[in-house]
Every structure is written in C-alpha cells, then in structure tokens.
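Fold and contact review
Each chain is listed here by its residues.
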Amino acid sequence: MTFSVNDVERDGAGARLRLAGELDLSTAPELTAAINRLAAAGETRILLDLTDLTFCDSTGMAVFVRGDNQAAADGGWLRLTGAHGRVERVLRVTGLADVLRYEPESVDPASRSAS
C-alpha cells in the first residue's frame, strides 16, 4: 500500500494532516517534509489524523516525536487522532499516546482537548 499526506485544514487555529497507508522508513521523509512545510509557514499547532493509517513503524513514531519537539520549540504542539488497530496499539504500548496526547476521536485543532 502507498502512503499519502493530505493537508485537510488550516484555519488559523492549527493545521490538520490526514495520513493514509503505511508510514515506515521509506515513507517517513514525506511526512517530515509536510511537517517542515507547515513549520516554515508559521504553523505551530499540527493535528495528525491517523484514521486511514494502516501501519506505522518506529521510524514513523520518531517523526511524530520530532514534529512535536519542533512545534514545542516554537510554542506549539503536534497531536494525534483517529488511530485504530495496530497503529493505536503501538501508540499505547510505547507510551506515545500519553506523550502526544492521543485522542481516539477526531478533534478540532482549536479545541481544548487538542491544546
């Protein structure tokens, strides 16, 4: 399966990227580039919608952490939502669900639960 990153929303309260497919060593640079583009555009609040993500290895998890660190350095955050199955399990087992304030249901980037 291929991987894609789609810019779903940018409304002044944050940006939402929807990930689909398999996030791994070969596709992680695409997500890194998307996060870097948002940061360069001044976005400091990024919500990653994982609803259509079917696989994520440790390389993908590292991109999540680096993205959050980058956003935090600029006074913002990176949050995750919508994961299910194996992706959600890996987030919980690794503790990243807590670190990145994972919300199972899709949330508005401006909502209290995303801040």
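Before reading further, recall that the structure is shown in the block above.
Note that the coordinates shown come from a computational prediction; the quantities given were computed from them, not determined experimentally.

Calculation criteria
- Residues numbered from 1 in each chain as written.
- Predicted model: local features only at pLDDT ≥ 70, side-chain atom pairs only at ≥ 80, totals over all residues.
- Heavy atoms only, no water.
- Buried < 20%, exposed > 50% of the residue type's maximum accessible area, 1.4 Å probe, protein only.
- Helix = DSSP H or I, 4+ residues; strand = E, 2+ residues; numbered from the N terminus.
- Pairing = 2+ DSSP bridges.
- Right-handed = clockwise from strand over helix to strand, strands pointing away.
- Core = buried A, V, L, I, M, F, W, Y, C linked by side-chain atoms within 4.5 Å.
- Salt bridge = Lys/Arg side-chain N within 4 Å of Asp/Glu carboxyl O.
- Expected span 1.5 Å × (residues − 1).
- Arc of directions from axis to C-beta.
- Contact = heavy atoms within 4.5 Å.

To continue, consider the pairing of strand β4 (residues 77–81). A regular strand places its side chains on the two faces of the sheet in alternate fashion. Summarising burial for β4: five of the five residues are buried, a large majority. Residues of β4 alternate between two faces, with Trp-77, Arg-79 and Thr-81 on one and Leu-78 and Leu-80 on the opposite face, all of them buried. Here five bridges tie strand β3 (residues 45–56) to β4, and the two strands are oriented parallel to one another. Within the sheet, the bridge partner assigned to Ile-46 lies in β4 and is Leu-78. Handedness of the crossover joining β3 and β4 through helix α2 (residues 58–73): right-handed.

For strand β2 (residues 15–23), a buried count of seven out of nine residues is recorded, marking the element as mostly surrounded by other parts of the structure. Two strands pair when backbone bridges link them, and β2 and β3 are joined in this way by eight bridges, in the parallel orientation. If you follow Arg-18 over to β3, its bridge partner there is Asp-49. With helix α1 (residues 28–40) bridging β2 and its parallel neighbour β3, the resulting β-α-β unit is right-handed.

What follows concerns the nonpolar core. Leu-31, Leu-50, Phe-64 and Leu-91 are the most contacted members of the largest nonpolar core, which totals 28 residues. Listing elements by their share of this core, those giving two or more residues are β2, α1, β3, α2, β4, α3 (85–94) and α4 (96–99).

Below, the discussion takes up the pattern of salt bridges. A complete count under the given rule lists five salt bridges for this structure. Note that Arg-18 is salt-bridged to Asp-49, the shortest N-O span being 2.9 Å. A residue pair is termed long-range when its members are at least 10 positions apart, and Arg-18 in strand β2 and Asp-49 in strand β3 qualify at 31 residues. Taking the relative accessible area as the measure of exposure, Arg-18 reaches 30% and is therefore partly exposed. A relative accessible area of 2% means that Asp-49 is categorised as buried. For the salt bridge of Arg-79 with Asp-68, the shortest nitrogen-to-oxygen distance reads 3.6 Å.

Our next topic: the environment of Glu-103. Take Glu-103: it is sitting in the segment after α4. The sequence separation of Glu-103 and Gly-82 amounts to 21 residues, and the corresponding C-alpha distance is 7.0 Å.

Here we take up α2. For α2, which comprises 16 residues, the first-to-last C-alpha distance of 22 Å matches the rise-based estimate of 22 Å (1.5 Å per residue) to within 8%. Within α2, the full set of buried residues consists of Gly-60, Met-61, Val-63, Phe-64, Gly-67, Asp-68 and Ala-71. Summarising the axial view, the buried residues of α2 lie within an arc of 155 degrees, below the 170-degree limit, and thus occupy one face. Facing away from the buried side of α2, by more than 90 degrees, are the exposed residues Ser-58 and Ala-73.

A separate point is the environment of Leu-17. Along the chain, Leu-17 falls in strand β2. Leu-17 sits 13 residues away from Ser-4 along the chain, and the two C-alpha atoms are 9.8 Å apart. Setting aside residues up to four positions removed in sequence, Leu-17 forms contacts with Val-5, Asn-6, Asp-7, Leu-31, Ala-34, Ile-35, Leu-38, Ile-46, Leu-47, Leu-48 and Asp-49.

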